Amino acid sequence: MNAPDLKLVADSTRAAGVSRFHESARAQVAGTATYIDDIPEVRGTLHAAPVCSPIAHGKLKGLDASAALVLPGVQGFVSAADIPGDPILAAFGHDEPVFAQDKVLFIGQVGGLILADDAMTARRAARLVKWDIETLPPVLTPQEAHAAQSYVLPPVHVKRGDAAAALARAPHTLEGRFEVGGQEHLYLEGQIAYVLPLEQNQWWVYSSTQHPGEVQHWVSHVLGLHNHAVKVECRRMGGGFGGKETQAGHLAVWAAVAAQKLKRPVKLRLDRDDDFMITGKRHPFAYSYQVGFDDSGLLCGLKLEMLANCGFSADLSGPVADRAIFHADNAYFLEDVAVSSYRCKTNTQSHTAFRGFGGPQGVIVIERIMSDIARHLGLDALDVRLRNLYGIENRNVTHYQMQVEDNILEPLMTTLAQTSRYRERHEAIAEWNASSSVIKRGIALTPVKFGISFTATLFNQAGALVHVYTDGSVQVNHGGTEMGQGLNTKVAAIVADELGVPFERVLSTASDTSKVPNASATAASSGTDLNGRAAQFAARNVRDNLASFVAGLDGCGAGAVRFVNGQIISPSKTRQWEDVVGAAYANRIQLWSDGFYRTPKIHYDKVTMLGRPFYYFSYGAACTEVAIDTLTGEYRVVAVDILHDVGQSINPAIDIGQIEGAFVQGMGWLTTEQLVWNNKGYLQTHAPSTYKIPATGDVPEHFKVALWPEPNREDNVFGSKAVGEPPFMLGISVYEALRDAVAQAGGQPDAMNAPATAEEVLRAVQGF
Amino acid sequence: MKPQTSGQTLRFVRRGETVTLNHVAPDRTLLDVLREDLHLSATKEGCGEGDCGACTVVLGELVDGQLRHRAINSCIRMAHSVDGMAVYTAEDIAAPTGELHPAQEAMVQCHGSQCGFCTPGFVMSLFGMYQNTDKGQGITREQAQVDLSGNLCRCTGYRPILDAAQQMGDLPLPAGCAVDVGATVAALKALKKKPAADTPYLRPTTLSALLQARAARPKAQVVAGCTDVGLWVTKQHKRFEQVLDVTAARELQRVETYKHHIAIGAAVSLTDAFAALVKERPQLKTFSQRFAGLPVRNSGTLGGNVANGSPIGDSMPLLIALGASVVLMRWKKTAAGGEIAHRELRLEDLYTGYRTNVMRPDELVAWIKVPRPTQDEKLAVYKISKRFDDDISAICLAIRLEIAGGVVRSASIGAGGVAATPARARHTEAALLGQPWTEDTVMAAMDTLRGEFQPISDMRASAAYRHTVLGNLLRRFWLESQGQQAINLEQLNGLKSLEVTA
């Protein structure tokens, strides 16, 4: 059990470093925390429903909404013809029409919206809109797309040394081919936008989004307005996981087009099935590789080809596929390596950001390879992994030429191996399996090394505002968004400590493009690193103003004034925070400030992919034991031990929550979460009835998480490290444990794709 | 809101006060009434199909004069079905001072909410557990997993929520938080009224009234727990001018025990029906817990599952193997006015094809009769699904054999997920009947079983997998009959790691 020590909360004089409750927890459990669908509706609000293409690929000749428009309660229909600005979204590749025009490119593509007095009427009417489509053959797999050289973006190749020569001289070689499925975000709050027309062609957009700035940009682009005419607000999301980075923007744009045509407020809340059918998912990948190694399992050459199924448009596929390249090493030094990455265009949803952002699709390849080498040589997989780790003094430069300066992989993995008793259990399992006819166990210990920073260097900037009011209360606003990860709780703690006031004195407020402009997406695990630092700087400016004021009163240097426990202490006098704030206001001292932060040290060449894309790395490892049923392929996760590096934790309970949640989500990706498209390109698993994320019963009782006890070696806010994405990749230990069990059952672990459903496990065990 | 169909008055008790709503359409969901009509936004819609639990609320109902609490999915529950009950949502259970209920406070203290969107649903499932235990005392982790299996969380990984379930019993119950049973019972009794004869949503309280209503309204949509028909409303956007709800018919709310069989009324919830089946056959406990999630089992009925005849309904293979029969009833006009007519058929004879059956338009499923266990009975039911809990099976196989003197004396095998309807494996039964119970017999029967059905490939599993596993499950049955322990992960739930220090 990981229940934090609650006594710490009461005793601490600092806000950071202790397990404070999520700032919204009490409201959430009472049902009073407001999500966008809970905002009281403005008079005249219309409800929208999307009109979705029933065909995966074809020429669009027309849309006929006449049958829908006569339904009582229906108020209108909008489509591409109603767009006042650019009919193409301001997306990365400028390749996504707002509403389908001339052609349809996947089943679920939105051709327009029906507006009605209530959501059910709108949804009922949307199905009455007739599509006139001349059907064309769809491309449904990345292999088909690759064969046809159909890409959303050009291929990328990254090389070091001479992989072909290294493979030619390697004592052993293995070849492999496998596929890893995509993943639906299944945020519990579905996508939603609520658009209110204001005076003088100005707009107020409530959007459940990780990137309010982009929503603002897209809405103004499509309405043909300047950015300043659109304000986007998001107090919180009911989960994001990357799925509300670009995808949320589409909804806001659609609703805005409808609101400007009908001159009414418009709310668009997607039904869950529509959400599945319309929005992009984690990119499915297909791989082929050749790897060379010596008798000790040391790698000496890797050729890797990765096909990313991007769907019909580029969206974020470029940086996602790039991050897969950057993480194809995971924890290991690849000396002679050639990676080719193809961004395949298919007639499916446009796949998008999802926790890890291509990193998991890179890491899983090399982890598979490590286990396969070990099995090939009859070695323990942990030994092969340790043998190939990055070095400290040498063998410490990545295939993209970044030096790994903060490597803690070996001590972290060996510590976990000891605490989880990996080696003893490995032996005990082999013995147990020998006498168990039907059930077989497996175990794996896998690491993660994850690069922290947006690979798009420009996004590594953030702003914040700290306001101190005359009663001493503090409000902080920053460019990040709260999606449950506890960002606002951490930022409030940072500001509280910077000002030396109790945590409860600081209130975090809704993300709002009219407060902090041009903010980056809350993504890439960087929310606290960027926004926490910007808020710290904003608070420091206010503190400096107050310190100078007190220094003037007491005739001391400003540096001698301390801020602790709600008191401001100079060498000669101790005052209450509120008293100083009141006096400072009376003396016309500025009690609010902005703060701005940009991540230092990072740079890289976008063409060669060489440089230092990451400020630092986050590390972790997981040891997982599973049991499989060789008659059915069913399995259970028996025990999980995790040791993870969050630097100096700003909130241990929140960090543990991120680690546990990410692990279980990663486990889901590789086990039960199977997306099935049929041969027409129709997504058959489009609701939680058919798409199965982990439930309470899938989590083992033995599920232990420990934190690595060392601050970030780089100068990051309060010594912390990013935590959102890295532990997601620890779920790979479940997949490798299942493959170990399959091997112990005499099956073919090489034949096992992901997700490893019961069917996939049984196929690897007995073939059929 | 402008309902297109005529509505009627709905009354329920909330926080001890009677809520009255006029003109509520017969096909309006409880969730829409809460969120849109009453502006109570604590209860969330996550999926609109009863699979995620974000919409969980607790109902309080008078059962034999006692107040009974059950967590249910409000998103697929017809609002009028809670007429005369008490409804609790996450905004109702804290003390008037704002002090949180232990089900809420434990979630805060254990860090059980992250994004918070699933949280009100979890809180209400916890509240249901709290009411159905001694103030949350003695809840094991295993019990918490079972009772929370219908609530999905995408953020936490569940550990803190399971902790909260186990710890809420240790927290004090603030003054004003406790359910005032006396006042609620009084309020519910005051709400009791004679059912009106001609309303769009009709919920007769007697069997004869129900059957007469059915005869009078052949076009009315019949619902029991509505856990499937609810999706016709939310997902297929169907509208019902008239709904006939069977669940208030007193006679059908009972489980009756006879010498050779038990009879389960069509209004009995899956929770209570499974409890009756497990009482007779304890080995069905895990299967009963894997049937949907608790909120669905609390609303849904065995009668509805059977009448629906969905090929993926998990109860039918089991009932077929048990030799269950259904009693169909209708109102027959006579010179004296009328009387109840009935007929009984074996469950497998009810179905004629995909969601089609032999029922007359004026007939209703009234009872399910399940034979009681015999001394020589060997029974197992195997469910194969992607996820262990709250999933629809790719394959469901129920096998009941009577073996005496080493010979198979009777065999009944029900299979789901292998054909357009739940089916009886007659060829396999024939291959076993009268044969010695040996590995050779089983090997031959495995081939027969695999050859007996031509399952399809779909998103749950491929035909090849279903084909292979069908035979393997018979093999598992054989191995278990030979006393092999620990060969079924279902029984190994809670399997401990080897060599792990606690």
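Calculation criteria
Residues numbered from 1 in each chain as written. Chains lettered and ligands numbered in written order. Predicted model: local features only at pLDDT ≥ 70, side-chain atom pairs only at ≥ 80, totals over all residues. Heavy atoms only, no water. Helix = DSSP H or I, 4+ residues; strand = E, 2+ residues; numbered from the N terminus. Buried < 20%, exposed > 50% of the residue type's maximum accessible area, 1.4 Å probe, protein only. Polar contact = N/O pair within 3.5 Å; in protein donor to acceptor, adjacent residues only side chain to side chain. Contact = heavy atoms within 4.5 Å. UniProt positions renumbered as here; feature names shortened; annotations may be inferred. Phe/Tyr/Trp six-rings, centres within 6.5 Å; stacked < 30°, edge-to-face > 60°. Lys NZ or Arg CZ within 6 Å of the ring centre and 35° of its normal. Buried area = accessible area lost by both parts, 1.4 Å probe. Salt bridge = Lys/Arg side-chain N within 4 Å of Asp/Glu carboxyl O. Nonpolar A, V, L, I, M, F, W, Y, C, P; charged D, E, K, R; others polar. Core = buried A, V, L, I, M, F, W, Y, C linked by side-chain atoms within 4.5 Å. Pairing = 2+ DSSP bridges. Domains from an automatic or database assignment. Axes fitted to C-alpha atoms, helices over the stretch in contact; angles between N-to-C directions. Parallel < 35°, antiparallel > 145°, perpendicular 65-115°, else oblique. Left-handed = near helix turned anticlockwise from the far one by under 90°.

All names here are of chain B. Mapped onto the elements of the fold, Asn-298 is located in helix α11 (residues 294–299). Relative accessible area serves as the criterion here: at 8%, Asn-298 is assigned to the buried category. A distance of 2.7 Å separates polar atoms of two side chains, one belonging to Asn-298 and the other to Thr-271. Residues within four places of Asn-298 in sequence aside, it is in contact with Arg-70, Ala-71, Ile-72, Ser-269 and Thr-271.

This part covers the UniProt feature "domain: Aldehyde oxidase/xanthine dehydrogenase a/b hammerhead" (unreviewed entry) in chain A. Summarizing the sequence annotation, UniProt attributes the feature "domain: Aldehyde oxidase/xanthine dehydrogenase a/b hammerhead" (unreviewed entry) to residues 30–137 of chain A in the numbering used throughout. With 12% helix and 32% strand, residues 30–137 of chain A has its two end C-alpha atoms placed 52 Å apart.

Attention shifts here to the packing of aromatic side chains. Residues and elements named next belong to chain A. Tallied over the full model, the rule gives 30 aromatic pairs over all chains. Aromatic ring contacts, followed pair by pair, group Phe-326, Tyr-400, Tyr-604, Phe-614, Phe-617 and Tyr-619 into a single cluster. Directly above the ring of Tyr-187 sits Lys-244, whose terminal nitrogen or CZ lies 4.7 Å from the centroid. Its guanidinium or amino end placed over the ring of Trp-432, Arg-441 lies 4.2 Å from that ring's centre, counting from NZ or CZ.

Right, let's get into the interface of chain B and chain A. Every contact between the two is made by 94 residues of chain B and, on the other side, 104 residues of chain A. Across the interface of chain B and chain A, roughly 8,100 Å² is buried in total on both sides, 56% from carbon and sulfur atoms. Taken together, the connections running from chain B to chain A amount to 12 salt bridges. One salt bridge connects B:Glu105 with A:Arg26, and the closest N-O pair in it is separated by 3.4 Å. Between chain B and chain A we count 39 residue pairs in polar contact (both at pLDDT 80 or more) in total. Listing elements by their share of the side of chain B that touches chain A, those giving two or more residues are α1 (30–37), α2 (102–109), α3 (119–132), α4 (141–147), α5 (159–167), α8 (229–234), β16 (377–384) and α16 (463–481) of chain B. Here the element with the most residues in the side of chain B that touches chain A is α16(B); it accounts for 9 residues. In the side of chain B that touches chain A, the residues fall into 40 nonpolar, 26 polar and 28 charged.

Let us now look at the environment of B:Gln66. Position of B:Gln66 relative to the elements: it lies in strand β4 (residues 66–73). Expressed as a C-alpha distance, the spacing of B:Gln66 and B:Val181, which sit 115 residues apart in the sequence, is 8.9 Å.

A few words now on the nonpolar core. Residues A:Val495, A:Trp577 and A:Phe663 are the most contacted members of the largest nonpolar core, which totals 220 residues. Broken down by element, the residue count for this core peaks at 10 residues, all from helix α16 (residues 527–554) of chain A. Those residues in contact with A:Trp577, other than ones at most four positions away along the chain, are A:Val468, A:Gly472, A:Val474, A:Leu499, A:Val501, A:Arg505, A:Leu546, A:Phe563, A:Gly566, A:Gln567 and A:Ile568. Residues A:Val438, B:Ala411, B:Val418 and B:Leu449 belong to the second largest nonpolar core, which totals 43 residues.

Residue and element names in this part refer to chain A. If you walk through the whole model with that rule in mind, you get 81 salt bridges over all chains. Measuring nitrogen to oxygen at the nearest pair gives 3.8 Å for the salt bridge that ties Lys-231 to Glu-233. Given a relative accessible area of 18%, Glu-233 falls into the buried group. Of the charged contacts, one joins Arg-575 and Asp-554 as a salt bridge, the two residues approaching to 2.7 Å between their closest N and O atoms. Residue Arg-575 is found in strand β23 (residues 574–576), and its partner Asp-554 is found in helix α16; the two are separated by 21 residues along the sequence.

Residue and element names in this part refer to chain B. Judged by how many residues are buried, strand β15 (residues 364–371) sits mostly within the fold: 7 of 8 residues are covered. When strand β10 (residues 261–265) meets β15, the two strands line up antiparallel, connected through 5 bridges. Across the sheet, Ala-263 pairs through a bridge with Lys-369, a residue of β15. As judged from the 5 bridges shared by strand β11 (residues 325–332) and β15, these two strands associate in the antiparallel manner. Bridge pairing in β15 links Ser-325 to Lys-369.

Moving on, we get to the domain arrangement of chain A. Residues and elements named next belong to chain A. In terms of domain boundaries, chain A breaks down into domain 1 (45–137 + 191–269), domain 2 (285–455 + 605–766) and domain 3 (461–598). Listed per partner, the contact involves 18 residues of domain 1 and 16 residues of domain 3. Where domain 1 abuts domain 3, roughly 1,300 Å² becomes buried across the two surfaces, and 50% of that area is made up of carbon and sulfur atoms. Together, Gln-210, Arg-235 and Met-237 form the three largest contributors to the area buried by domain 1 at its contact with domain 3, with a combined 36%.

Residue and element names in this part refer to chain B. Here chain B is partitioned into domain 1 (1–193), domain 2 (196–373) and domain 3 (374–502). Taking only C-alpha atoms, the centre of domain 1 and the centre of domain 2 are 25 Å apart. Listed as interface residues are 32 residues of domain 1 and, on the opposing side, 29 residues of domain 2. Carbon and sulfur atoms supply 53% of the area that domain 1 and domain 2 bury against each other, a total of about 2,500 Å² over both sides. The three residues of domain 1 that bury the most area against domain 2 are Asp-27, Arg-70 and Ile-76, which together make up 22% of that side's buried surface. Applying the counting rule to domain 1 against domain 2 returns 3 salt bridges. Salt-bridge contacts for Arg-70 lead to Asp-272; the nearest nitrogen and oxygen are separated by 2.9 Å.

All names here are of chain A. One can describe the packing of helix α15 (residues 487–499) onto α16 by two numbers: an axis separation of 9 Å at closest approach and a directional angle of 30°. The orientation of α15 relative to α16 falls into the category roughly parallel. Relative to α16, the crossing made by α15 is right-handed. Here α15 contributes Leu-487, Lys-490, Val-491, Ile-494, Val-495, Glu-498 and Leu-499 to the contact with α16, which in turn contributes Gly-527, Thr-528, Asn-531, Gly-532, Ala-535, Gln-536, Ala-539, Arg-540 and Arg-543. For the contact of α15 with α16, the residue count by class is 7 nonpolar, 5 polar and 4 charged.

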